[in-house]
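Examination of the molecular architecture
Next come the chains, spelled out residue by residue.
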Amino acid sequence: LPRLVTRPLSKQTHTHTHTHTQMFHTITMMNPLFRNIAWCGSILDYGFVLLRYFGPTEYKFFHHGFGNTQEYFDTFASTMKELDQGTYKHVLNGRDIRYETTRKHKNGIITTQDGYFLSPLANHLPKESAYCKFTLVRPINENNNKDDNRNDEASVYILMLPATGEMGKSERLEMATKLAQTHGWSSVIVTAPYYASRKPKDQNLFFLHTARDLLFQSQGIIEESSALARYLLAKSPQTRVCFTGFSYGAAMAACSSSLCLKAGDDGSRMSCAVYVGSASPCPFADGMLENGIDWDALEKDQREEQPITIREQLHGEFYKTQLKLVKADASNRLSAVFGYAMRNDLFIRPRYAKELQDQIRECLNDDYCMQWIPGGHMMAALMRPMLHKNLIENTVQAMLSKKLK
């Protein structure tokens, strides 16, 4: 395990969390072998290369080519125009969301409740993805023992977004359960467009048909998550929301929180925990994920001769989508943003993590500082149950320690 350099926890942090973190620091400081193992763990990232040489075509990204990417850029420009003019109207109320039956889990420690609402981008998504689906996870206590979610005024909600390929929710549900049990925080586990129950029937697993699908998937989860956050913040003046995710989910968490800021929501009531992310989809075209792309299909779909390679063309399309494009007024910033990045990551190369760090400072919080950990992307995935949870705890505690506006 790597040695971490994390910010001090606030005095409100539970003894359990503090002891766990100190133990982790002690072990890694005393035994450099753990740091060497973490560094060697980056070798695990090379396993994805096998998909390039042995994976069937239908199990690769973009095997239908680029798709109509201009449709996405027109939609994105329209959204930014609405935000700039103050006419952005995607705000949820109780009538917009439909809930299913509440269920008890983990020996009665938590309740879960599935919900859904019409996505702001429903007209641009497949019919299977038209409704945003999520799971609300809440602790059971004296103030929260009813099935009616409208009576829930939890002080903290963790908005958990999925990583690339994270079609299930078991790992996030486990984190949400521990956070509910230890701190009494609620969580919302969001399902991305094109994933799980929102997956088109003709799509294989999480391998999106076109580059256009990836761009709309990104914009979809950004607007859906920000709509959920604004709905939760409206529950009570004391409610606070922390956006978080791993990899692709971390990038979407940063963008979603920035959209809320740009829409005028109170940044002192929001925070963001960025676990190994980037500022754009560029790592798809420049990293290990490029081995999972059907480059031949993209080559065939090229509409006209370009003076650049297909790889450069795809990278250029993705580079047009950046966190900094959703920049809010400098007077409105998140109360806290903490993040981890992997030094030896072959999926999200360090330069993209550094790019995210710079753009977070510009858009979300001037004091933000990325904490670098030795190891690769697969090592981050293996250590996620401990490190991601620790990151969320530190971020929320920092948010709670600051006064509201």
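Residues numbered from 1 in each chain as written. Predicted model: local features only at pLDDT ≥ 70, side-chain atom pairs only at ≥ 80, totals over all residues. Heavy atoms only, no water.

Time to look at the packing of helix α5 (residues 170-183) against helix α12 (residues 384-400). Close contact between α5 and α12 brings their axes to 10 Å; oriented N to C, the two are set at 45°. Overall, the two elements α5 and α12 adopt an arrangement that is oblique. The element α5 and its partner α12 pack so that their crossing is right-handed. Residue-level inspection shows E171, R172, M175, K178, L179 and H183 of α5 in contact with α12, the latter providing R384, P385, H388, K389, I392, E393 and Q397. Partitioned by chemical class, the residues of the contact of α5 with α12 number four nonpolar, three polar and six charged. (Axes fitted to C-alpha atoms, helices over the stretch in contact; angles between N-to-C directions. Helix = DSSP H or I, 4+ residues; strand = E, 2+ residues; numbered from the N terminus. Parallel < 35°, antiparallel > 145°, perpendicular 65-115°, else oblique. Left-handed = near helix turned anticlockwise from the far one by under 90°. Contact = heavy atoms within 4.5 Å. Nonpolar A, V, L, I, M, F, W, Y, C, P; charged D, E, K, R; others polar.)

Residues L44, M378 and L382 make up a contiguous nonpolar surface patch of roughly 280 Å² in combined accessible area. Relative to the helices and strands, L382 resides in helix α11 (residues 377-382). On the basis of relative accessibility, which here comes to 60%, the residue L382 falls in the exposed class. (Patch = residues over 30% accessible without salt bridge, like charges linked within 9 Å, V, L, I, M, F, W, Y side chains within 5 Å. Areas by Shrake-Rupley, 256 points an atom, 1.4 Å probe, with all protein chains shown as cover. Salt bridge = Lys/Arg side-chain N within 4 Å of Asp/Glu carboxyl O. Buried < 20%, exposed > 50% of the residue type's maximum accessible area, 1.4 Å probe, protein only.)

So, about the confidence of the model for the chain. Per-chain confidence: the chain averages 84 in pLDDT, with 82% of residues scoring 70 or above. Counting contacts from residues 1-30, a segment whose pLDDT is below 50, to residues more than four positions away or on other chains yields 59 contacts. A low-confidence stretch, residues 142-153 (pLDDT under 50), is modelled with 21 contacts involving residues beyond four sequence positions or located in other chains. (pLDDT = per-residue confidence, 0-100.)

Note that strand β9 (residues 336-342) and strand β10 (residues 370-373) share four bridges and pair parallel. Bridging from a neighbouring strand, M342 pairs with I373 of β10. As a crossover connection, the stretch from β9 through helix α10 (residues 350-363) into β10 is right-handed. (Pairing = 2+ DSSP bridges. Right-handed = clockwise from strand over helix to strand, strands pointing away.)

The tendency in soluble globular proteins is for nonpolar side chains to be buried side by side. By size, the foremost hydrophobic cluster in this structure holds 84 residues, and its most contacted members are F62, L159, V188, F243, L314 and F318. Element by element, the count of residues in this core is highest for helix α6 (residues 211-233), at twelve residues. Excluding residues within four positions of it along the chain, F62 makes contact with L208, H209, T210, A211, L214, F284, I293, D294, A297, L298, L314 and F318. Ranked by size, the runner-up nonpolar core spans 31 residues in total, among them I158, A163, W185 and A273. (Core = buried A, V, L, I, M, F, W, Y, C linked by side-chain atoms within 4.5 Å.)

Before going further, it helps to examine the side chain of T79. Within the secondary structure layout, T79 lies in helix α4 (residues 69-85). With relative accessibility at 7%, the residue T79 sits in the buried group. The residues touching T79, leaving out its near neighbours within four places in the chain, are Y88, Q219 and E223.

Attention now goes to the packing of aromatic side chains. Scanning the model with the defined rule gives 17 aromatic pairs in all. When the ring of Y275 is compared with that of Y340, the centres are 6.3 Å apart and the planes differ by 70°; the resulting orientation is edge-to-face. One end of the pair, Y275, is in strand β8 (residues 270-275); the other, Y340, is in strand β9, with 65 residues separating them in the sequence. Relative accessible area serves as the criterion here: at 0%, Y275 is assigned to the buried category. Counting every residue linked through ring pairs, the aromatic cluster contains Y59, F61, F62, F206, F207, F284 and F318. R311 extends its terminal NZ or CZ atom over the ring of W295, reaching a point 4.6 Å from the ring centre. (Phe/Tyr/Trp six-rings, centres within 6.5 Å; stacked < 30°, edge-to-face > 60°. Lys NZ or Arg CZ within 6 Å of the ring centre and 35° of its normal.)

The next point concerns the pattern of salt bridges. A complete count under the given rule lists 17 salt bridges for this structure. Among the ionic pairs, E166 bridges to R172, the shortest N-O distance being 3.5 Å. According to the relative accessible area criterion, R172 is buried, its value standing at 2%. Beyond isolated ion pairs, a larger network of salt bridges with shared partners links E166, E171, R172 and R384.

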